[in-house]
Amino acid sequence: MLEADSASLSARADTILGIHRPQHAAHVRFVRAETWLRFALPALFATFLICFAAVAALLLQTQRADVMRAAVIDVDAVTRLAAAAFAEVEIEGEAKAVAAHRSLGDLLPPGLLHAGRRILLIAPDGAIVAANPPLPGPKRTLTEHLGEMQALSTLGERAGVMNVTLADGSEVIAALRNLPGGRGQVAVIQPLVEITAAWTTRMRNQAILLGAAALVIIGTGIAYALQTRRAHAVDRVCEQIKQRLDTALGRGRCGLWDWDIPRGRIYWSDSMYALLGYHREREFLSFGDVNALVHPDDGDLYSLARHLAASQSTVDHEFRVRGATGNWIWMRMRAEIVPDTLDGGRHLVGIALDVTEQRMLAELNATADMRLRDAVEAISEAFVLWDTGNRLVLCNSKFRHLHALSPEDATPGKRYAEIMGRGVLPPVRRELRDLEPSGATARTFEAELTDGRWLQISERRTKDGGYVSVGTDITNLKRHQEQLVQSERELIETVRDLKRSRRTLELQTQQLADLAERYLDQKAQAEGANQAKSEFLANMSHELRTPLNAIMGFAELMESEVYGTLGSPRYTDYCRDIRSSGDYLLSVIDDILNMSRIEAQKVKLVPREIAVASAIEGSLKLVGEAARAKSLTVHVDVVEALSVLADERALHQILTNLLQNAVKFTPSGDGRIIVKARPAGDSVHIFVEDTGIGIPKSALRRLGAPFQQVETNLTRSHKGSGLGLAIARSMAELHGGGLRIRSQEGLGTIVMVRLPVPTPENLRALSPEAAQETVASLRDAAGATARRPERETAPV
């Protein structure tokens, strides 16, 4: 089915909720032309009024032009006649001319002196000699009367008839003629008000006529507009009523039915179509179409029609209707017979409610009730539910078995006294009441039966005024309670044993506290001994350096034979051995002194930005000779422009110790040493790799501690104090970094040193002196060679 489309509110459908609109031919044509006429008629009225006003204005303008043209001709003729009349009188005699000047009305025909027209006789000097009608006030000149700068007074007779504005502001038509012989002039002045008086009257009459016609036409247009607006408003109200009814019916999940019984057609509202999922195809449905949608098991509309024909009654009937998707929807129809006052027929008008959900809820309630009964039957307790009138609602077989009731005796709806009168109460040996009081609406008590069983009976009031009772077999629980009492006695004995053990533990704790105090005393003595050891090593190192410097100096003088030959060449070898042994002993003393300073926390670092490549290059110069002596190749792989934030002397000592260890423990021949540096976040990793003898896994944990070496005293093949890695690790940790070692015996060793990079956060954390030095170094030119250390560190 297709939903009917509509162009406007006035032509949406032929019916409103099933009620027909007028359908005669004139009404249909008017409805079709209504939208066009609503705008066309006001436009026609306005066009007619505009044309009528334009024609009237054009006619009035033409009439005024004709009046003005006639007035000009009349004034010119009167001027000529007046000049001719004064000329004849003057020819006849001077005395008559003077008399004529005094009485201008006697010289002209009476018909030429209209109301308002004035004839002036002007002397040669421009003074007005006579005027008809006379001028008010003293006599003036023509220029004073006409006003300054007037073309008529300047041009005279050549100006002809002109429109002139007098000195008093009035508008007139004036003409001027000269008298023969230069004896003066004659002027005729006609006011415009007098000329256009008749035309003004006609214009006023036509304006009144035009206004009356406009009022009639405008009133007719307004009445038509109001009538069309009212009709449009009525249609819109009808449509709004229909929409609101459809919305209300749709929200209530019901539809409107209007069954025209004599004609056999049925009207459905839009909500009825939406409820079933159909779309409106036509306004009315036939009786057969609707009857085909009704479920055959729920009756048909034919039997309903016969029933309605037999009696004037209402309808309240439930039936199923097939929806658009093929599903069946339960509808409940409530309607009554309504007589039609127009045609005398009868209509069955009502609503059809969707009761599918109610049907489903009823089925679900029945299913839930059945499941509830099954669940109550399945529980292990005796269960019974009574309503507010002490009538049985529900109970299970355990309750019937407890009270020896048959299913017929425990029928729902019977009263408590009737049911319990037929039952047998179980024999109770003893009863413990109000063990756990739960308030006025509930109580719980226990009862011991004669057969040894225990029951816990819980009774509680329901919200509707009834109460529910549950009897639980707690025999096992009681037995467990007895076992718990026995266990409690055993627990008390155990607690007593624990108290005795606690006293023993307190004595042991006191002994441990005494041992701890002795340990702290011994620890303090050990720390004092360690401090004394460090101070002793430092003092010993200073005391040994003085004689060593003298021994090494004299050995160097004797080796160089400054003061003469020694004699035997062996003396030279002995001096060289003395100097080399002194150098080695001096390096050991320096390492011990450095380690003691580190342990005493007397080392002060001055971090600055140092180029990694230049630091590695400076350290390689110290071990280059030893590496070449052992035919070792050294490879350097450093990322360009890589720098660290470190103390220059400490960094030099770290790198030198690691390189000397790599050279020392790498066998001569095809050995290889690799020095790499890579950035790693906010740190720099410096790797020193060698292909030397390697380090056993058992010795890796001990490396880095002072005086720890891989070789034992019995198997040592390399000299050294065992402080090189310890100093390198300690120096790296003082910088906030670290040192790690990875090695495999027989393959080589990799030592990784982690040092910070000069980030803004690290620079802000420096002391003011170190920060100034770092800022100064940053201002140096890029690629400058790092400063060499003041002294060289001896080999490890």
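This is a predicted model, so every value here is computed, not measured.

**Q** When you look at the sheet that holds strand β7 (residues 185-191) in this model, what are you seeing that I'm missing?
**A** Pairing between the strands of a sheet comes from backbone hydrogen bonds, and it takes one of two forms, parallel or antiparallel. Taking strand neighbours across the sheet as the criterion, the 5 strands line up as β4-β3-β7-β6-β5 in an open arrangement whose pairing is antiparallel. In this open sheet, the two strands that pair with only one neighbour each are β4 (128-132) and β5 (162-165). For this sheet, the mean inter-axis angle between neighbouring strands, taken without regard to orientation, is 30 degrees. Here 7 bridges tie strand β6 (residues 171-178) to β7, and the two strands are oriented antiparallel to one another. Bridge pairing in β7 links I173 to Q190.

**Q** Would you take a moment to explain the packing of helix α15 (residues 612-629) against helix α16 (residues 648-664) for this structure?
**A** Packed helix pairs are characterised by how far apart their axes lie and by the angle those axes make with each other. Axis separation between α15 and α16 bottoms out at 9 Å; the angle between their running directions is 30 degrees. The pairing of α15 with α16 is recorded here as roughly parallel in orientation. As for the relative orientation of α15 and α16, their crossing is right-handed in sense. Listed contacts from α16 to A615, I616, G618, S619, L620, L622, V623, A626 and A627 of α15 are L651, H652, L655, T656, L659, Q660 and V663.

**Q** Sorry if this is basic, but what is going on with the confidence of the model for the chain here?
**A** Caution applies to low-pLDDT parts of the model: their predicted coordinates are not meant to be read in detail. Of all residues in the chain, 78% have pLDDT values of 70 or greater, and the mean over the chain is 75. Taken element by element, the chain is modelled with least confidence in helix α2 (residues 94-102), mean pLDDT 44, and with most confidence in strand β24 (residues 683-690), mean pLDDT 91. The model gives residues 1-13 a pLDDT under 50, and that stretch makes 28 contacts with residues more than four places away or in other chains. Confidence over residues 90-102 falls short of pLDDT 50; this stretch has 13 contacts with residues more than four positions distant or in other chains.

**Q** Please explain the packing of aromatic side chains as it appears in this structure.
**A** Centre distance and the angle of the planes are the two values used to describe a pair of aromatic rings. Here the structure, examined in full by the defined rule, presents 6 aromatic pairs. Their ring planes at 70 degrees and their centres at 5.7 Å tell us that W268 and Y273 sit as a pair that is edge-to-face. You'll find W268 and Y273 in the same group, each marked buried. Feature note: the residues W257, W268, Y273 and F319 constitute an aromatic cluster, connected by ring pairs. The ring of W199 has R64 sitting right over it, with the charged end atom 5.7 Å from the ring centre. In this structure, K676 is placed above the aromatic ring of F687, and the distance from its NZ or CZ to the ring centre is 5.7 Å.

**Q** Whenever I open this one, the packing of α16 against helix α18 (residues 724-734) confuses me. Can you help?
**A** Direction vectors running N to C along α16 and α18 enclose 145 degrees, while the axes themselves pass 9 Å from each other. The two elements α16 and α18 meet at a crossing, and its hand is left-handed. Here A650, Q653, I654, N657, L658 and N661 of α16 come into contact with α18, specifically with G724, L725, I727, A728, M731 and A732. Counted by class, the contact of α16 with α18 contains 8 nonpolar, 4 polar and no charged residues.

**Q** I tried to follow the nonpolar core on my own but got confused; where do I start?
**A** A general feature of soluble globular proteins is that nonpolar side chains tend to end up buried together. Ranked by size, the top nonpolar core spans 39 residues in total, and within it V612, V644, L651 and L658 carry the most contacts. The set of elements that each furnish at least two residues to this core consists of α15, β22 (643-646), α16, β23 (672-680), β24, α18, β25 (738-744) and β26 (748-756). Examining the composition of this core, we find that 8 residues originate from one element, α16, more than from any other. Within the second largest apolar cluster, 25 residues are counted, among which are W268, V294, L301 and V321.

**Q** What's the story with unusual backbone geometry in this structure? I'm lost.
**A** Leaving glycine out, the prevailing phi sign among residues is negative, and the prevailing peptide bond configuration is trans. In this model, N390 sits at a positive phi of 60 degrees, which is unusual for a non-glycine residue. Judged by relative accessible area, N390 falls into the partly exposed class, the value being 36%. Positive phi, close to 55 degrees, is recorded for S631, a residue that is not glycine. Tracing the chain through its elements places S631 in the loop between α15 and β21 (633-638).

**Q** In this structure, what is going on with the sheet that holds β23? I would like to understand it.
**A** Read across the sheet, 5 strands follow the order β21-β23-β24-β26-β25 without closing on themselves; strand pairing throughout is mixed. Strand pairing shows two members of the sheet lacking a second neighbour, β21 and β25, which therefore form its edges. Ignoring strand direction, the axes of neighbouring strands in this sheet form an average angle of 15 degrees. In this structure, β21 lies alongside β23, joined through 6 bridges in parallel fashion.

Calculation notes
Residues numbered from 1 in each chain as written. Predicted model: local features only at pLDDT ≥ 70, side-chain atom pairs only at ≥ 80, totals over all residues. Heavy atoms only, no water. Pairing = 2+ DSSP bridges. Helix = DSSP H or I, 4+ residues; strand = E, 2+ residues; numbered from the N terminus. Axes fitted to C-alpha atoms, helices over the stretch in contact; angles between N-to-C directions. Parallel < 35°, antiparallel > 145°, perpendicular 65-115°, else oblique. Left-handed = near helix turned anticlockwise from the far one by under 90°. Contact = heavy atoms within 4.5 Å. pLDDT = per-residue confidence, 0-100. Phe/Tyr/Trp six-rings, centres within 6.5 Å; stacked < 30°, edge-to-face > 60°. Buried < 20%, exposed > 50% of the residue type's maximum accessible area, 1.4 Å probe, protein only. Lys NZ or Arg CZ within 6 Å of the ring centre and 35° of its normal. Nonpolar A, V, L, I, M, F, W, Y, C, P; charged D, E, K, R; others polar. Core = buried A, V, L, I, M, F, W, Y, C linked by side-chain atoms within 4.5 Å.

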